[in-house]
Amino acid sequence: MNRLRAGLSILVFVAGIGGGSAVQQLFDPPSPPNPYRTLPLVPEPAASAQVASLLVANDAIGLSRTLDIQLLQRLASSIEPLVDIDEVFFTGATERDGDILSAYVAGGRAGTGQRASVGIVLRVRDGKVIGVN
Amino acid sequence: MLAAVRPWAIVFVLGGMLGFVLSAIGGEFVEERALFGPSESASSRRYMISLLEHEPQTLIALSPKTDVVSRALQFRGAEEAQGTVTPLSLTYLGGRTAGSLSVHIYALELRSNDGRRQFFPLALTLLEGKVIRRE
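These lines cover the structure that appears in this document, whether it is placed above or below. (Residues numbered from 1 in each chain as written. Chains lettered and ligands numbered in written order. Predicted model: local features only at pLDDT ≥ 70, side-chain atom pairs only at ≥ 80, totals over all residues. Heavy atoms only, no water.)

**So, the overall build of chain A**
Okay, step 1: A tally of regular secondary structure across chain A gives four helices and four strands.
Okay, step 2: Helices (α) and strands (β) of chain A occur, in sequence order from the N terminus, as α-α-α-α-β-β-β-β.
Okay, step 3: Its C-alpha atoms give chain A principal-axis dimensions of about 85 × 40 × 20 Å.
Okay, step 4: Relative to its full complement of 133 residues, chain A shows a buried share of 38%.
Okay, step 5: A separation threshold of at least 6 residues defines the contact pool for chain A, and within that pool the share at least 24 residues apart is 52%.
Okay, step 6: Only carbon and sulfur atoms are counted for the fraction: they give 58% of the accessible area of chain A, which is about 7,700 Å². (Helix = DSSP H or I, 4+ residues; strand = E, 2+ residues; numbered from the N terminus. Buried < 20%, exposed > 50% of the residue type's maximum accessible area, 1.4 Å probe, protein only. Contact = heavy atoms within 4.5 Å. Areas by Shrake-Rupley, 256 points an atom, 1.4 Å probe, with all protein chains shown as cover.)

Rendered as structure tokens:
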């Protein structure tokens, strides 16, 4: 009798876990499926990797020699509010009609001293960085 | 009768609470950090799809609380954008999560009504599941 009671208790407890999990799914549904086509990922282009390493090295002179003034202005707005970048991670890149979008997340400190992260995407064509988003 | 059912109900509720917590923690772990590095969050995916499908209500729900005029602008913008572009592809380029802050980056390919193709990125910054920056 006791064994039966213990077995039933476990069964009810497991059923409760299933029920609780189902209720949680109602509150926080999983990611919806992507209804659109997905482009294949490509390796990190050397040109954007160079810009990323100049950013993390805090090399203003190197950046000024690598990017023209328009690209530098766009890069300046895309790293806002960071004033001190201490890490730049390559997250992925994809290509369409010769244009490669190479994505990075830069982390560091904002002017207020708080830590912040921003996304930077460099557009590469023919081995050169031609755009910053 | 009630007295006989009560212990079973307590066991069921305890199991339910544990299931709720485990499911929430497990989902968060798989989604945000995972054993394989940071991955796409449900909120950012939902935001991107709503943006492409012109669903202002979902976009507002996934944004920090704003004033009524800003929300009206979002509804108006979504109405006017209906049918002006056709999304061709949506590619997740990765992201990073640090505490409650995360950055997720996408590549979008659209075709406008005049047949022009656009290929551009969009980076979302999320704080506690809400999109606080889109660029």
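Continuing now.
**Regarding the interface of chain A and chain B**
Think of interface size as the accessible area that goes away when the parts come together; that is how it is often given.
Okay, step 1: Contact with chain A, which involves 50 residues of that partner, is made by 42 residues of chain B.
Okay, step 2: Taking both partners together, chain A and chain B bury about 3,700 Å²; carbon and sulfur atoms supply 66% of that area.
Okay, step 3: At the junction of chain A and chain B, the tally comes to two salt bridges.
Okay, step 4: Salt-bridge contacts for B:Glu109 lead to A:Arg37; the nearest nitrogen and oxygen are separated by 3.2 Å.
Okay, step 5: Run the count over chain A and chain B and you get 12 residue pairs in polar contact (both at pLDDT 80 or more). (Buried area = accessible area lost by both parts, 1.4 Å probe. Salt bridge = Lys/Arg side-chain N within 4 Å of Asp/Glu carboxyl O. Polar contact = N/O pair within 3.5 Å; in protein donor to acceptor, adjacent residues only side chain to side chain.)

**Structural notes on unusual backbone geometry**
Residues and elements named next belong to chain A.
Okay, step 1: The linkage connecting Glu 80 with the following residue, Pro 81, adopts the cis geometry, with an omega of 10°.
Okay, step 2: By the secondary structure assignment, Pro 81 is in the loop between helix 4 (69-78) and strand 1 (82-96).
Okay, step 3: The backbone phi angle of Asn 58 is positive, close to 60°, even though this residue is not glycine.
Okay, step 4: Relative to the helices and strands, Asn 58 resides in the loop between helix 2 (46-56) and helix 3 (60-66).
Okay, step 5: If you check the backbone angles, Asp 126 has positive phi at about 50° while not being a glycine.
Okay, step 6: Position of Asp 126 among the secondary structure elements: in the loop between strand 3 (115-125) and strand 4 (128-132).
Okay, step 7: Taking relative accessible area as the criterion, Asp 126 reaches 75% and is therefore assigned exposed.

**Structural notes on the pattern of salt bridges**
Okay, step 1: In this structure the tally under the stated criterion is 10 salt bridges over all chains.
Okay, step 2: B:Asp114 is the salt-bridge partner of B:Arg116, the closest N and O atoms lying 3.5 Å from each other. An identical accessibility class is assigned to B:Arg116 and B:Asp114; each is exposed.
Okay, step 3: For B:Arg133, the salt bridge identified is with B:Glu135, shortest N-O distance 2.9 Å.
Okay, step 4: Three or more residues joined by partner-sharing salt bridges are found here, namely A:Arg37, A:Arg96, B:Glu109 and B:Arg117.

**Looking at the sheet that holds strand 1 (residues 85-98) of chain B**
Hydrogen bonds between backbone atoms are what pair the strands of a sheet, whose relative direction is either parallel or antiparallel.
Residue and element names in this part refer to chain B.
Okay, step 1: Read from one edge to the other, the open sheet built from four strands follows the order 1-2-3-4, with strand pairing classed as antiparallel. Every other strand in the sheet has two partners, leaving strand 1 and strand 4 (130-134) as the edge strands with one partner each. Sheet twist, expressed as the average angle between the axes of neighbouring strands with direction ignored, equals 30°.
Okay, step 2: Here strand 1 pairs with strand 2 (residues 101-112) via 12 bridges, running antiparallel. The residue of strand 2 that forms the bridge with Thr 86 is Arg 111. (Pairing = 2+ DSSP bridges. Axes fitted to C-alpha atoms, helices over the stretch in contact; angles between N-to-C directions.)

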